[in-house]
Amino acid sequence: MEFPKCMKCGQGHLVPLSDYGTEGASVLYKAWVCVNPECGFSLRIDKGQVTYGKKPEHAR
């Protein structure tokens, strides 16, 4: 499988991330993030809202 190139930095690739919804159902491709740590571009869907550009935060 070939992942799309990040158009923000042009160096990394966007990889999909999955999660679980509030009722436990899996949500495939909830977010796409750039693998280049200097870039940090992300695109995600939360409750029908699409947000992008925020650098992903590490869970603690």
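Residues numbered from 1 in each chain as written. Predicted model: local features only at pLDDT ≥ 70, side-chain atom pairs only at ≥ 80, totals over all residues. Heavy atoms only, no water.

**Student:** Explain unusual backbone geometry residue by residue, including any values.
**Tutor:** Not every positive phi belongs to a glycine, and Tyr 29 is a case in point at roughly 55 degrees. In this fold, Tyr 29 is placed in strand S2 (residues 26-34). (Helix = DSSP H or I, 4+ residues; strand = E, 2+ residues; numbered from the N terminus.)

**Student:** Give a detailed account of the sheet that holds strand S4 (residues 49-52), specifying residues and quantitative values.
**Tutor:** Strand order in the open sheet formed by four strands is S1-S2-S3-S4, and the pairing between neighbours is antiparallel. Single-partner strands in this sheet number two, and they are strand S1 (14-20) and S4. Within this sheet the neighbouring strands show an average axis-to-axis angle of 25 degrees, counted without direction. Relative to S2, S1 runs antiparallel, the two sharing six bridges. Each bridged residue has a counterpart across the sheet, and for Val 15 the counterpart in S2 is Val 33. (Pairing = 2+ DSSP bridges. Axes fitted to C-alpha atoms, helices over the stretch in contact; angles between N-to-C directions.)

**Student:** Tell me about the side chain of Asn 36, residues and numbers included.
**Tutor:** Along the polypeptide, Asn 36 turns up in the loop between S2 and strand S3 (42-46). Classification of Asn 36 as buried rests on a relative accessible area of 13%. A distance of 3.1 Å separates a polar side-chain atom of Asn 36 from the backbone nitrogen of Glu 38. Beyond its immediate sequence surroundings of up to four residues, Asn 36 is in contact with Cys 9, Gln 11 and Gly 12. (Buried < 20%, exposed > 50% of the residue type's maximum accessible area, 1.4 Å probe, protein only. Polar contact = N/O pair within 3.5 Å; in protein donor to acceptor, adjacent residues only side chain to side chain. Contact = heavy atoms within 4.5 Å.)

**Student:** Give me the side chain of Lys 30: which residues, what numbers.
**Tutor:** Here Lys 30 shows up in strand S2. At 3.3 Å, the side chain of Lys 30 and the side chain of Asp 46 are in polar contact. Once residues lying within four places of it in the same chain are set aside, the contact partners of Lys 30 are Leu 17, Ser 18, Asp 19, Leu 43, Arg 44, Ile 45 and Asp 46.

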